[in-house]
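Residue strings, one per chain:
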2 protein chains.
Amino acid sequence: MRLVIARCSVDYVGRLKAHLPLATRLLVVKADGSVLVHSDGGSYKPLNWMSPPATMRVAAAVEAELEEGVAEQWTVQSAKTDDRLIVNVHQILHDSSHELGVDPGLVKDGVESDLQRLLAEQIETLGTGYSLIRREYYTAIGPVDILARDASGTTVAVELKRRGDIDGVEQLTRYLELLNRDPLLAPVRGIFAAQQIKPQARVLAADRGIDCVTLDYDAMRGVDDVESRLF
Amino acid sequence: MRLVIARCSVDYVGRLKAHLPLATRLLVVKADGSVLVHSDGGSYKPLNWMSPPATMRVAAAVEAELEEGVAEQWTVQSAKTDDRLIVNVHQILHDSSHELGVDPGLVKDGVESDLQRLLAEQIETLGTGYSLIRREYYTAIGPVDILARDASGTTVAVELKRRGDIDGVEQLTRYLELLNRDPLLAPVRGIFAAQQIKPQARVLAADRGIDCVTLDYDAMRGVDDVESRLF
DNA sequence: TCCTCGATTTCGTCG
DNA sequence: CGACGAAGTCGAGGA
């Protein structure tokens, strides 16, 4: 990994065009050829970048076509597409290279799959007498988060979100249309379950005959912890 | 901006929990208190991070609670939420600080709004005799990208995407349902316009009676350039 | 301020 | 390899 602090202007040409005027920035060149252009603020997204795999070519200032004040020009070319990042380096203020090795990678806990696992374990959160058929019920148009049966034995498709938006209701509607064509499952009811459900999503769900359930993840996790401690 | 190359382990606690085992990584501390943890690969997304505004507290190794081999512990606390990033620094291999100043920011060309402007100017791309009613036609459920009239005088709602996906067709369908309730506009046809349209989106659109149009942004921009040169 | 939508989204996973 | 859905998504623009 190479770290450069430089006064530079940057141009990106590819899926769109983007230009960065002359200023001092951090340039990160990674081992896989990817390049990040960061300013001293903003979030984790760089001002400009090139995704790997890519190769970098450095042209010295002697070449006549370089604009005024450019010490060297970096051309970062994507290996797969014709996307290109051009860095006009005017002045290098810092330049260092480092061996990092391969990273063991991130371990996450608390993403949607965890919420799904918890709801599957505590399926009666949806109502008394509910039983789990299966998680990740695969269909031709994508996986239904949870398939269950309610107290009366009716099949229930559950769409699970952290934030319940209109798109989620649309998604569940598509699944319900498909599932209701299967005579072994039909009729299938829908439940839209989320930690927070937007009013518009609630209205649309009601219009489609879909029930909404608000989930308390902390409480569900708490129950899970208590249950875990018993073993 | 402070750049540190260090052997470290990292833990994030907040909306979820995440853990990074001990390895050598790049740590970037920005002026607004945000911190990025990068490995020597992957694309622009850090392995772990803290969004601004945030504050960092450094605890020396003398404190008894620190685990084996930790030289110092960084606690990065979000100013707005209770999200927290903890970096256990075992060994610092590089450490430098730099003044970057404020960045003038990125200038983009070719995003959806540009495509929308071009299509509005060249509305006959959709067919002979088309005329523009207006861009960003606001409805209760969101703005319709372009509202136009075809050669026969029928109202046409256009949904514009760079990549035409199923979600875009759903979105346009919702708009059409709403617009068709307005007796001043009805009947309203739908056109799904994108640089690339996925086969499944095409099938769904056909099923809903929505026409699909593939746009050539380069060609449209070319026409725009030629027109611009005339002035 | 909240909400909605786009993004050079990136990233994982399954068919 | 394509397709679909999640993300600690982030960021911009209008209500």
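I will try to describe carefully the structure that is included in this document. (Residues numbered from 1 in each chain as written. Chains lettered and ligands numbered in written order. Predicted model: local features only at pLDDT ≥ 70, side-chain atom pairs only at ≥ 80, totals over all residues. Heavy atoms only, no water.)

**Description of the overall build of chain A**
A tally of helices and strands in chain A yields four helices and 13 strands. Counting only C-alpha atoms and orienting by the principal axes, one finds that chain A spans roughly 80 × 40 × 30 Å. In chain A, buried positions account for 47% of the 231 residues. Considering only contacts in chain A between residues 6 or more positions apart, those separated by 24 or more positions represent 48%. Surface summary for chain A: the accessible area is close to 11400 Å², and the carbon and sulfur share equals 51%. Once the 26 positive and 34 negative side-chain charges of chain A are each reduced to a mean point, those two points are 2 Å apart. (Helix = DSSP H or I, 4+ residues; strand = E, 2+ residues; numbered from the N terminus. Buried < 20%, exposed > 50% of the residue type's maximum accessible area, 1.4 Å probe, protein only. Contact = heavy atoms within 4.5 Å. Areas by Shrake-Rupley, 256 points an atom, 1.4 Å probe, with all protein chains shown as cover. Lys, Arg positive; Asp, Glu negative; His and termini not counted. Charge placed at Lys NZ, Arg CZ, Asp CG, Glu CD.)

**Some details on the sheet that holds strand 11 (residues 155–164) of chain A**
Residue and element names in this part refer to chain A. Pairing in this open sheet of five strands is mixed, and the strands run 9-10-11-12-13 from one edge to the other. Sheet topology places strand 9 (131–139) and strand 13 (211–214) at the edges, where each strand pairs with a single neighbour. Put simply, the sheet's adjacent strands are angled 30° from each other on average, direction ignored. Across four bridges, the pairing between strand 12 (residues 188–197) and strand 13 is parallel. Note that in strand 13 the partner of Ala193 across the bridge is Val213. This element, helix 1 (residues 112–121), spans strand 9, strand 10 (142–149), strand 11 and strand 12 of the sheet and lies at about 140° to strand 11. (Pairing = 2+ DSSP bridges. Axes fitted to C-alpha atoms, helices over the stretch in contact; angles between N-to-C directions.)

**Some remarks on a negative patch on the surface**
A surface patch of negative charge is lined by Asp165 and Asp167 of chain A together with Asp165 and Asp167 of chain B. Here Asp167 of chain B is to be found in helix 2 (residues 166–179). (Patch = residues over 30% accessible without salt bridge, like charges linked within 9 Å, V, L, I, M, F, W, Y side chains within 5 Å. Salt bridge = Lys/Arg side-chain N within 4 Å of Asp/Glu carboxyl O.)

**Side note on the protein's contact with DNA strand C**
The full set close to DNA strand C counts 22 residues, and Asn48 and Tyr138 of chain A together with Lys108, Glu112 and Arg162 of chain B are the nearest of them. Restricting the count to atoms of DNA strand C within 4 Å of the protein gives a sugar and phosphate share of 81%. Here Trp49 of chain A contributes a backbone N or O atom positioned 3.0 Å from a base oxygen of DNA strand C. Contacts to DNA strand C include Lys161 of chain B, whose side-chain N or O atom sits 2.8 Å from a phosphate oxygen. When residues of the surface near DNA strand C are traced back to their parent elements, those giving at least two are strand 4 (48–50) of chain A together with strand 11 (155–164) and helix 2 of chain B. With three residues, strand 11 of chain B is the single largest residue contributor to the surface near DNA strand C. Residues that form the surface near DNA strand C fall into these classes: eight nonpolar, five polar and nine charged. (Near = heavy atom within 4 Å. Polar contact = N/O pair within 3.5 Å; in protein donor to acceptor, adjacent residues only side chain to side chain. Nonpolar A, V, L, I, M, F, W, Y, C, P; charged D, E, K, R; others polar.)

**Looking at the pattern of salt bridges**
For the coordinates displayed, the defined rule picks out 22 salt bridges over all chains. Among the salt bridges present, the one from Asp103 of chain B reaches Arg25 of chain A, with a minimum N-O distance of 2.5 Å. Of the two residues, Asp103 of chain B sits in the loop between strand 7 (84–97) and strand 8 (107–109) while Arg25 of chain A sits in strand 2 (residues 17–29), which places them in two different chains. Exposure remark for Asp103 of chain B: the relative accessible area of 17% places this residue in the buried category. Residue Arg25 of chain A is classed as buried on the basis of its relative accessible area of 0%. In this structure, Arg221 of chain B and Asp109 of chain B form a salt bridge, with 3.7 Å as the shortest nitrogen-oxygen distance. Here the residue Arg221 of chain B occupies a position in helix 4 (residues 217–229), and Asp109 of chain B occupies one in strand 8, the gap between them amounting to 112 residues. By relative accessible area, which is 16% here, Arg221 of chain B ends up buried. Its relative accessible area of 24% is what places Asp109 of chain B among the partly exposed residues. Through salt bridges with shared partners, a single network forms among Asp114, Arg117 and Glu121 of chain A.

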